[in-house]
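Analysis of the macromolecular model
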Amino acid sequence: MPEIKVDSNVDICPADMKVNCVGETCPVPLVETRKALRKAREGDIVEVTGTHPASKKEIPMAVKALGLKLLSVDETDGVWKIRIQR
Amino acid sequence: MAENTEKATIIVHSGDMDKVYSALIIGNGALAMGMEVSLFFTFWGLQRLKKGGLEKGPLSKMHMFGLGKWMINRKMKAAKVASLEKMIQDFKELGGKILACDMTMDIMGIKAEDLRQDLISDYCGVGTYLDDARDSKITLFIS
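Now for a quick tour of the structure. (Residues numbered from 1 in each chain as written. Chains lettered and ligands numbered in written order. Predicted model: local features only at pLDDT ≥ 70, side-chain atom pairs only at ≥ 80, totals over all residues.)

Focus on the sheet that holds strand β1 (residues 7-12) of chain B
The strands making up a sheet are joined through hydrogen bonds of the backbone, oriented either antiparallel or parallel. Residues and elements named next belong to chain B. Overall, parallel pairing links the five strands, which are arranged β4-β3-β2-β1-β5 in an open sheet. Single-partner strands in this sheet number two, and they are β4 (122-124) and β5 (138-142). Across the sheet, the axes of successive neighbouring strands diverge by a mean angle of 20°, strand direction being ignored. Relative to β4, strand β3 (residues 97-101) runs parallel, the two being bridged by three bridges. From the neighbouring strand, Ala-100 faces β4, where its bridge partner is Tyr-123. The sheet strands contacting helix α1 (residues 17-32) are β1, β2 (36-41) and β5, and the helix crosses β1 at an angle near 170°. In the packing of helix α6 (residues 126-133) onto the sheet, contacts are made with β1, β2, β3, β4 and β5, and the angle to β1 comes to roughly 145°. (Pairing = 2+ DSSP bridges. Helix = DSSP H or I, 4+ residues; strand = E, 2+ residues; numbered from the N terminus. Axes fitted to C-alpha atoms, helices over the stretch in contact; angles between N-to-C directions. Contact = placed C-beta atoms within 7 Å.)

Some words on helix α4 (residues 84-93) of chain B
Residue and element names in this part refer to chain B. Within α4, burial applies to Met-87, Ile-88, Asp-90 and Phe-91. Each buried residue of α4 lies within a common arc of 160° when the element is viewed along its axis, so the set occupies one face. Gly-95 sits one or two residues past α4 and shows a positive phi near 90°. (Buried ≥ 20, exposed ≤ 12 C-beta atoms within 10 Å, placed from the backbone. Arc of directions from axis to C-beta.)

A word on the packing of helix α1 (residues 28-39) of chain A against α1 of chain B
Where α1 of chain A contacts α1 of chain B, the two axes come as close as 9 Å, and the packing angle between them is 40°. The angle between the axes of α1 of chain A and α1 of chain B places the two elements in the oblique class. With respect to the hand of their crossing, α1 of chain A and α1 of chain B are arranged in left-handed fashion. Each of Leu-30, Val-31, Thr-33 and Arg-34 of chain A in α1 of chain A lies in contact with α1 of chain B, whose residues at this interface are Asn-28, Gly-29, Leu-31 and Ala-32 of chain B. Of the residues that constitute the contact of α1 of chain A with α1 of chain B, the class distribution is four nonpolar, three polar and one charged. (Parallel < 35°, antiparallel > 145°, perpendicular 65-115°, else oblique. Left-handed = near helix turned anticlockwise from the far one by under 90°. Nonpolar A, V, L, I, M, F, W, Y, C, P; charged D, E, K, R; others polar.)

What about the interface of chain A and chain B?
Quite often, the size of an interface is put as the accessible area lost when its parts meet. At the junction of the two partners, chain A supplies 16 residues and chain B supplies 16 residues. Mapped by element, the contributors of at least two residues to the side of chain A that touches chain B are α1 and α2 (53-65) of chain A. Among the elements that make up the side of chain A that touches chain B, the one with the highest residue count is α1 of chain A (six residues). Here the side of chain A that touches chain B is composed, by residue class, of nine nonpolar, four polar and three charged.

Regarding the packing of α1 of chain B against α4 of chain B
Residues and elements named next belong to chain B. Packing of α1 against α4 leaves a shortest axis separation of 10 Å and a crossing angle of 35°. For the pair α1 and α4, the sense of crossing is left-handed. Contact residues: Val-20, Tyr-21, Leu-24, Gly-27, Asn-28 and Leu-31 in α1; Leu-84, Met-87, Ile-88, Asp-90 and Phe-91 in α4. Class assignment of the residues belonging to the contact of α1 with α4 gives a composition of eight nonpolar, two polar and one charged.

Thoughts on the sheet that holds strand β1 (residues 18-21) of chain A
Residue and element names in this part refer to chain A. With mixed pairing, four strands are arranged side by side in an open sheet as β1-β2-β4-β3. Edge strands, defined here as strands with exactly one partner in the open sheet, are β1 and β3 (69-76). Each strand of the sheet is rotated relative to its neighbour by a mean of 15°, with strand direction disregarded. Where β1 meets strand β2 (residues 45-50), four bridges bridge the pair, whose relative direction is parallel. If you follow Asn-20 over to β2, its bridge partner there is Thr-49.

Here it is in structure tokens:
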């Protein structure tokens with residue numbers, strides 16, 4: 001029987017994997033990111049947006065500690081966007 | 001996910017609002033960063049696990065018969081700091097363990113049904129704490 005392969009290089013972010021933490025403070029962005037990552041399946045992309053400055057540095061630290069893939073970190077007008085692949 | 005999970009164990013000895021915040025912020029941060037976390041509620045800390053007791057703690061400084069706490073609460077709301085209730089629910093959702101000190105329960109005449117049993121994983125003594133703490137990367141005593 002042929003093995004069924006699922007392409008994990010999804011480039012469309014499912015709606016439920018978008019985390020909006022604009023205006024939230026410590027530790028909410030970190031916690032909400034972790035909650036989304038726990039719900040994500042392998043290969044899923046989680047996109048987090050926020051304004052808390054320290055979280056922009058700390059979410060990538062958590063991603064590294066969790067052994068996941070940090071796809072991008074961008075910032076425009078004080079709003080950062082971090083993309084993570086589980 | 002990381003393969004060998006690191007642990008953090010925190011003793012919540014104080015029931016002061018600001019200190020319970022510290023414990024839950026550190027606990028949630030550690031869970032978010034992939035660690036396993038246990039919070040041991042003992043003495044004044046355990047009072048906060050009574051039904052309706054979580055938000056009842058005084059400020060550790062400048063409480064001023066509740067005026068200081070009221071002012072800080074207003075400032076925290078303006079800064080959009082999450083409530084203790086949200087933090088403890090997040091803590092549970094991320095897989096954190098909450099342990100209640102059974103000796104405190106005996107001393108203070110607290111029964112299991114007086115406590116938020118939905119939150120508590122176990123009622124235990126110092127041995128359980130040490131068993132967790134001996135292989136923890138981080139262990140804190142919040143007094």
